[in-house]
Amino acid sequence: MTREELKAAAVAMLDRAYIPYSHFPVGAALECSDGTVFTGCNIENASFGPTICAERTAVAKAVSEGHRDFVRIVIAGRSRELCVPCGVCRQVLREFAPNIEIICLNGAGEERTFTLEELLPHSFGPEYLQ
Ligand code: THU
């Protein structure tokens, strides 16, 4: 998938977001090293705490289908600010892909690309437990 196609896949997921409480849709498209793409949206809950972010929805879909080798993720929002990943999602991406490229979009289609290292410096990961 091209970068533009991956961006479009993330944007398309905005319409799948289940957001009765925040009304803040997020879409994600996660690309694996073999080119497989898993998409996700945020899924909220009346009890608030169980809400899952779009990025983690995509990661859960990928890992449960046997994919862990992530190279790129697009995160799309409709707000004025770029939709950057929350701290929990940064840590979840770190588990599998410390070198992943993170492309963040705002509602105007503007983008900025980050490395995970930029967003989560000095991070804790699986190797610390060995
Ligand atoms: N959200 C995401 O889906 N990803 C993020 O990284 C930031 C926050 C969602 C969670 C919640 O449904 C809504 O955005 C407002 O916080």
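Residues numbered from 1 in each chain as written. Predicted model: local features only at pLDDT ≥ 70, side-chain atom pairs only at ≥ 80, totals over all residues. Heavy atoms only, no water.

Going by the annotation in an unreviewed UniProt entry, the name recorded for the protein chain is Cytidine deaminase, with Dysosmobacter welbionis given as the source organism. UniProt's Cofactor (unreviewed entry) comment on the protein chain is quoted here verbatim: "Zn(2+)". You can read under Sequence similarities (unreviewed entry) in the UniProt record for the protein chain the words "Belongs to the cytidine and deoxycytidylate deaminase family." (UniProt positions renumbered as here; feature names shortened; annotations may be inferred.)

A. Molecular detail of the pattern of salt bridges. Scanning the entire structure with this criterion turns up seven salt bridges. Its salt-bridge partner being Glu111, residue Lys7 comes within 2.4 Å of it at the nearest N-O pair. Of the two residues, Lys7 is situated in helix α1 (residues 3-12) and Glu111 in strand β5 (residues 111-115); the sequence distance between them amounts to 104 residues. In this structure, the salt-bridge partner of Asp15 is Arg78, at a minimum N-O distance of 2.9 Å. Linking Asp15 in the loop between α1 and β1 (26-32) with Arg78 in the loop between β3 (70-77) and α3 (87-96), this pair joins segments that are 63 residues apart in sequence. Take Asp15: its relative accessible area is 63%, and that puts it in the exposed class. The network of salt bridges with shared partners includes Arg3, Glu4, Lys7, Glu101 and Glu111. (Salt bridge = Lys/Arg side-chain N within 4 Å of Asp/Glu carboxyl O. Helix = DSSP H or I, 4+ residues; strand = E, 2+ residues; numbered from the N terminus. Buried < 20%, exposed > 50% of the residue type's maximum accessible area, 1.4 Å probe, protein only.)

B. Spatial organisation of the UniProt feature "domain: CMP/dCMP-type deaminase" (unreviewed entry) in the protein chain. Summarizing the sequence annotation, UniProt attributes the feature "domain: CMP/dCMP-type deaminase" (unreviewed entry) to residues 1-127 in the numbering used throughout. The distance separating the terminal C-alpha atoms of residues 1-127 is 31 Å; by composition the span is 28% helix and 24% strand.

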